[in-house]
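The residues making up each chain are set out below.
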Amino acid sequence: MLAVRGGPFTEKGWFFEPKFDGTRCIAHVSENRVFLQNRRMSDISGRYPELISALYDAVKTDCILDGEIIAFSRGKVDFHALQMREQQQRKLRIDILSRKYPATYIVFDMLSLDGENIMHRPLRERKEILARYVKENNRVVITDYLEEEGETYFSATRAKGLEGVMAKRADSTYQPGIRSSDWVKIKKEVEFDLVVGGFTQGEGWRTPLFGALAVGAYRDTSLIYIGRVGSGFTIEELRVIRNALYPTEKSPFQPVPRLDRMIWVSPTLVVEVRAMEVTRDGKLRAPVYLRTRLDKLPSQCTYDEIEEELRRKAGEKGHRG
């Protein structure tokens, strides 16, 4: 289940949860096996051995959980550390990073219990079941939430440096694969997962790497250009991203944007970008790179989210859609 975008609000019948910088994860737990799936439905269990054992300890029944994996560095949530965890395939490296940057599974929903589908039950009831059957430990945590006071909660989470707030209608069902107005993502700034379609040659010490990435989102089968991102990268990220870009002669964007010194690439890489806003002409204002999304397909980066943000800004769409 996915969320629409919106601003802070206070209203009865809504739960407000903290939003973390992490990776969405469905956890399948049974007596014989625990396995984890990301948004691409790929099995990522091998990357997080500490979570497998923690879930065996926390859950004593067959169930399917929905939540977020986060990683810590020096006691703080660190999505760059999580990105390193996500990119590992070698067991030795995975074991080392699991100790250096331990992961935690933040659970916010239960989708089935003892083989019974409970997605049709209201969120309030699912949370009660979740609290009854999941025993928290140092690696599995049930998310906190506050009822009704969304504006107060948003201010508190921002003061603590958290990413934002998720607002969820208390009587809503779980709608897998649907971007529903029963869930609202509330942030001070906007964030999008976007497809890389080109890059500019770097200058100075960035000459062998790149200067900025041209990014866009899909409207039907057309990749629409929405801006260039040139900041937010570490040196290692510049190297990794450059090695993942495959130049082509033809622009993947339609229509083709007029961009100087642009090298077009095959649209296979997805990056998460934060910006101050989306301008009226559908471009990102002051975009900054956050991370590479290995758990998301390019086809899942749709222009609908850009249009949704424009409608929200124009006041044509309230927080309930």
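Rules behind the numbers
Residues numbered from 1 in each chain as written. Predicted model: local features only at pLDDT ≥ 70, side-chain atom pairs only at ≥ 80, totals over all residues. Heavy atoms only, no water. Helix = DSSP H or I, 4+ residues; strand = E, 2+ residues; numbered from the N terminus. Rg over C-alpha atoms; globule rule 2.2 N^0.38 Å. Buried < 20%, exposed > 50% of the residue type's maximum accessible area, 1.4 Å probe, protein only. 1 Å grid on protein atoms, 1.4 Å probe; cavity = no way out; pocket = protein on both sides within 12 Å on 5 of 7 lines; lining within 4 Å. Points joined across faces, edges and corners; volume = space filled by probe spheres on them. Nonpolar A, V, L, I, M, F, W, Y, C, P; charged D, E, K, R; others polar. Phe/Tyr/Trp six-rings, centres within 6.5 Å; stacked < 30°, edge-to-face > 60°. Lys NZ or Arg CZ within 6 Å of the ring centre and 35° of its normal.

1. A short note on the overall build of the chain
Link 1 in the chain: On a plain count of helices and strands, the chain comes out with 7 helices and 20 strands.
Link 2 in the chain: For 321 residues, the compact-globule estimate of 2.2 N^0.38 gives 20 Å, and the C-alpha radius of gyration of the chain, at 20 Å, lies within 12% of that figure.
Link 3 in the chain: Considered along the principal axes of its C-alpha atoms, the chain spans approximately 60 × 50 × 35 Å.
Link 4 in the chain: Sorting the 321 residues of the chain into buried and exposed places 53% on the buried side.

2. Details of the environment of Ser 155
Link 1 in the chain: When you line up the elements, Ser 155 lands in helix H5 (residues 150–159).
Link 2 in the chain: Through-space distance from the C-alpha of Ser 155 to that of Pro 287 is 23 Å; in sequence the pair is 132 residues apart.

3. A short note on the layout of surface pockets
Link 1 in the chain: The space that makes up the largest pocket amounts to roughly 420 Å³.
Link 2 in the chain: If you go around the largest pocket, you meet 19 residues; those closest to its centre are Met 1, Ile 26, Arg 39, Met 41 and Gly 177.
Link 3 in the chain: At the level of secondary structure, the elements contributing two or more residues to the lining of the largest pocket comprise strand E3 (23–29) and strand E5 (63–73).
Link 4 in the chain: Considering each element in turn, the lining of the largest pocket owes the most residues, 4 residues, to E3.
Link 5 in the chain: In the lining of the largest pocket, the residues fall into 10 nonpolar, 5 polar and 4 charged.

4. Section: the packing of aromatic side chains
Link 1 in the chain: In the structure shown here, the tally under the stated rule is 9 aromatic pairs.
Link 2 in the chain: Taking the centre distance of 5.1 Å and the plane angle of 90 degrees together, the rings of Phe 9 and Trp 14 count as edge-to-face. Across this residue pair, the class does not change: Phe 9 and Trp 14 are buried.
Link 3 in the chain: Considering the side-chain rings of Phe 9 and Phe 16, the 5.3 Å spacing of their centres and the 65 degrees angle between planes classify their relative orientation as edge-to-face.
Link 4 in the chain: On the basis of relative accessible area, Phe 16 is assigned to the buried category, the value being 0%.
Link 5 in the chain: Taken together, the aromatic side chains of Phe 9, Trp 14 and Phe 16 make up a single cluster linked through ring pairs.
Link 6 in the chain: One Lys or Arg, Lys 168, reaches over the ring of Trp 183 and ends 4.0 Å from the middle of that ring.

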